[in-house]
Each structure stands twice: as structure tokens, then as C-alpha cells.
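Listed below are the residues making up each chain.
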Amino acid sequence: MVHTREGLDAVAAELNGRPRRILGYRTQAEVFTELLTSSIASTD
């Protein structure tokens, strides 16, 4: 079975956009953004 790049990207986006219980029902992107924001704020 052959998978297209677009199909794989869609699956990855769906999985990465799901809220995770271990992350307090936040998405990976939300946690990453929060870490970047807090890291930048702590260096000022």
C-alpha cells in the first residue's frame, strides 16, 4: 500500500493536534508555545 505525503501529513496533524491527558488536556503545540514563552520571559 502506498501512502501520499498529503495523507501522512494529515494523519500527523490530527495526532499532534489532539489534547493529551498527560499534558493537562493541552495539545503538544500549546505546551511547546508555553515553554518557549516562559523561557523567553525568564531571560528578560
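In what follows, the accompanying structure is described. (Residues numbered from 1 in each chain as written. Predicted model: local features only at pLDDT ≥ 70, side-chain atom pairs only at ≥ 80, totals over all residues. Heavy atoms only, no water.)

### What to know about the overall build of the chain
Helix and strand counts for the chain stand at 2 helices and 0 strands. Projected onto the principal axes, the alpha-carbon positions of the chain cover approximately 50 × 25 × 10 Å. Burial statistics for the chain: of 44 residues in total, 5% are counted as buried. Carbon and sulfur atoms form 61% of the exposed surface of the chain, whose accessible area is close to 4000 Å². Taking the 5 positively charged and 6 negatively charged side chains of the chain as two groups, their mean positions are separated by 10 Å. (Helix = DSSP H or I, 4+ residues; strand = E, 2+ residues; numbered from the N terminus. Buried < 20%, exposed > 50% of the residue type's maximum accessible area, 1.4 Å probe, protein only. Areas by Shrake-Rupley, 256 points an atom, 1.4 Å probe, with all protein chains shown as cover. Lys, Arg positive; Asp, Glu negative; His and termini not counted. Charge placed at Lys NZ, Arg CZ, Asp CG, Glu CD.)

### Section: the pattern of salt bridges
One side chain can pair with another of opposite charge once the charged atoms of both are near each other. Considering all chains together, one arrives at 3 salt bridges under this definition. Among the salt bridges present, the one from Arg5 reaches Asp9, with a minimum N-O distance of 3.6 Å. In this pair, Arg5 and Asp9 both sit in helix α1 (residues 5-16), 4 residues apart, roughly one turn of the helix. You can call Arg5 exposed: its relative accessible area is 55%. Across the salt bridge formed by Arg18 and Glu14, the nearest N and O atoms sit 3.3 Å from each other. (Salt bridge = Lys/Arg side-chain N within 4 Å of Asp/Glu carboxyl O.)

### A word on the environment of Gly17
Within the secondary structure, Gly17 is located in the loop between α1 and α2 (28-42). The exposure class of Gly17 is partly exposed, given its relative accessible area of 43%. Considered as a pair, Gly17 and Ala29 are 12 residues apart in the sequence and their alpha carbons are 7.5 Å apart.

### Things to note about a nonpolar patch on the surface
The grouping of Phe32, Leu36 and Ile40 at the surface amounts to a nonpolar patch, some 320 Å² of accessible area in total. Residue placement: Phe32 occurs in helix α2. (Patch = residues over 30% accessible without salt bridge, like charges linked within 9 Å, V, L, I, M, F, W, Y side chains within 5 Å.)

### What about unusual backbone geometry?
The backbone phi angle of Tyr25 is positive, close to 60°, even though this residue is not glycine. Position of Tyr25 relative to the elements: it lies in the loop between α1 and α2.

### Re the environment of Tyr25
With a relative accessible area of 58%, Tyr25 lands in the exposed category. Once residues within four sequence positions are removed from consideration, Tyr25 is found in contact with Pro19 and Arg20. (Contact = heavy atoms within 4.5 Å.)

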